[in-house]
Amino acid sequence: MMERRQKINDWLWLDYDEIDSTNNAALKLSQTLPAGTKAVITAVRQTAGRGRRGRNWKSMEGNLFMSLIDEADMKDLGKMVFMSALCLLQTIKKLAPDGRADVKLKWPNDVLLNGGKVSGILFEKGAGRFFVVGIGVNIVAVPPPEGMLYPVSCLKNAEILTNRTIFLKNYLEIWNKTRDTWRQKGFEPIREMWLENVKGLNEEISVINENSAKKGIFTGVDEDGALLLKTADEKLFKVRAGDVFYMKKDDG
């Protein structure tokens, strides 16, 4: 397991030829990092990637597998999910030809490119104030569709030609700028930018989790990132976990 250690922007960067899970390595590293350190772990190949809610993440070679280690208060971790997805959307737009791409956010943390899921995000609590955010981005290859809840896509198929290193450098740069915005102006500007780019706002959706299924109008997210769903009887529900499905519109 060859390790390359260097600096990228103001982050400590550890890159491996092969690893079981970048999140596993990041959780371990968080136990020894000095306070105030930011680190990112990447791998050319990942053999046991994890997705949200215990799902496997299919790691196709040539794609980006990274885990960021940063600090935050526990109360802000839900908000960090939204920031991480917003930074992905902004990175894709920056790398797209002429800055134009059909890219949308999907609650709580997915990014859709041409209607297909192009990334996955998994947050885990690290040591002390550290948290770990594992991110997979389909740069050049689309995983097999078997077992997928949604259509999938990759940057290459959308004619966004880049590689994992270029994407990483741009993502960290955008993360730093967005984090500075949060520190200076609070979370509200990030929440507003997220809502400007989310799919299905003010439209009918269904939200399914292990315990329930609800259908209603997606009216927004609250200050903590919970999805606001107004049902047919005008009741407003706060949904904190689940999978969003968009209702098919009638033709004509």
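Up top is the structure.
Attention here is on the structure that accompanies the text.

Definitions and cut-offs
- Residues numbered from 1 in each chain as written.
- Predicted model: local features only at pLDDT ≥ 70, side-chain atom pairs only at ≥ 80, totals over all residues.
- Heavy atoms only, no water.
- Helix = DSSP H or I, 4+ residues; strand = E, 2+ residues; numbered from the N terminus.
- Rg over C-alpha atoms; globule rule 2.2 N^0.38 Å.
- Buried < 20%, exposed > 50% of the residue type's maximum accessible area, 1.4 Å probe, protein only.
- Areas by Shrake-Rupley, 256 points an atom, 1.4 Å probe, with all protein chains shown as cover.
- Lys, Arg positive; Asp, Glu negative; His and termini not counted.
- Charge placed at Lys NZ, Arg CZ, Asp CG, Glu CD.
- Pairing = 2+ DSSP bridges.
- Contact = heavy atoms within 4.5 Å.
- Axes fitted to C-alpha atoms, helices over the stretch in contact; angles between N-to-C directions.
- Polar contact = N/O pair within 3.5 Å; in protein donor to acceptor, adjacent residues only side chain to side chain.
- Parallel < 35°, antiparallel > 145°, perpendicular 65-115°, else oblique.
- Left-handed = near helix turned anticlockwise from the far one by under 90°.
- Nonpolar A, V, L, I, M, F, W, Y, C, P; charged D, E, K, R; others polar.

**Section: the overall build of the protein**
Item 1. Scanning the protein from terminus to terminus reveals four helices and 14 strands.
Item 2. Relative to a compact globule of 252 residues, whose C-alpha radius of gyration would be 18 Å, the protein shows 18 Å and is just as compact.
Item 3. For the C-alpha atoms alone, the extent of the protein along its principal axes is close to 55 × 40 × 35 Å.
Item 4. The buried share of the protein, reckoned over its 252 residues, is 52%.
Item 5. Carbon and sulfur atoms make up 49% of the accessible area of the protein, which totals about 12300 Å².
Item 6. Between the centroid of the 38 positive side chains of the protein and the centroid of its 33 negative side chains there is a distance of 2 Å.

**Remarks on the sheet that holds strand 6 (residues 110–113)**
Item 1. Strand order across the open sheet formed by three strands is 5-6-7, with antiparallel pairing between neighbours. With one partner strand each, in any of the chains shown, strand 5 (103–106) and strand 7 (116–117) form the two edges of the open sheet.
Item 2. Here four bridges tie strand 5 to strand 6, and the two strands are oriented antiparallel to one another. Across the sheet, the residue bridging to L105 is V111, located in strand 6.
Item 3. Strands in contact with helix 2 (residues 77–95) are strand 5 and strand 6; relative to strand 5, the strand with the most contacts, it is inclined by about 175°.

**Regarding the side chain of N138**
Item 1. Mapped onto the fold, N138 is located in the loop between strand 9 (130–137) and helix 3 (164–185).
Item 2. Within the local environment of N138, its side chain forms a polar contact with the backbone oxygen of S153, the two atoms lying 3.0 Å apart.

**A few points about the packing of helix 2 against helix 3**
Item 1. One way to put it is that helix 2 packs onto helix 3 with a least axis distance of 9 Å and a crossing angle of 130°. With respect to their mutual orientation, helix 2 and helix 3 come out oblique. Read as a crossing pair, helix 2 and helix 3 show a hand that is right-handed. Residues K79, M80, M83, S84, C87, L88, Q90, T91, I92, K94 and L95 of helix 2 touch helix 3, and the partners they reach there are I166, F167, N170, Y171, E173, I174, W175, T178, R179 and W182.
Item 2. Split by residue class, the contact of helix 2 with helix 3 holds 12 nonpolar, five polar and four charged.

**Considerations on the sheet that holds strand 9**
Item 1. Taken in spatial order, the six strands of this open sheet run 1-2-3-4-9-8, and their pairing is mixed. At either end of the open sheet lies a strand with only one pairing partner, and these are strand 1 (3–8) and strand 8 (119–125). The sheet shows a mean angle of 20° between the axes of neighbouring strands, taken without regard to direction.
Item 2. Where strand 3 (residues 39–46) and strand 4 (residues 64–71) come together, four bridges link them in antiparallel fashion. Within strand 4, the residue paired with I41 across the bridge is S67.

**Comments concerning the pairing of strand 11 (residues 213–221)**
Item 1. Here strand 10 (residues 204–208) runs beside strand 11; their pairing, made up of five bridges, is antiparallel. By the bridge assignment for strand 11, E204 is matched with I217.
Item 2. In sequence, strand 10 turns back onto strand 11 through a hairpin of four residues.
Item 3. Direction of pairing for strand 11 relative to strand 12 (residues 227–230): antiparallel, over a ladder of four bridges. When the bridges of strand 12 are listed, V221 appears paired with L227.

**Quick notes on unusual backbone geometry**
Item 1. In this chain, W107 is followed by P108 through a cis amide linkage whose omega measures 0°.
Item 2. Secondary-structure assignment places P108 in the loop between strand 5 and strand 6.
Item 3. In the Ramachandran plot, N114 falls in the positive-phi region, its phi being about 50° despite a non-glycine side chain.
Item 4. Along the chain, N114 turns up in the loop between strand 6 and strand 7.

**A look at the environment of G126**
Item 1. Examined against the element boundaries, G126 turns out to sit in the loop between strand 8 and strand 9.
Item 2. By relative accessible area, which is 15% here, G126 ends up buried.
Item 3. A sequence separation of 98 residues divides G126 from K28, and the C-alpha atoms of the two residues are 8.1 Å apart.
Item 4. For G126, the contacting residues outside a window of four places in its chain are L27, S30, F131 and V132.

Taken by themselves, the reported measurements are silent on function.
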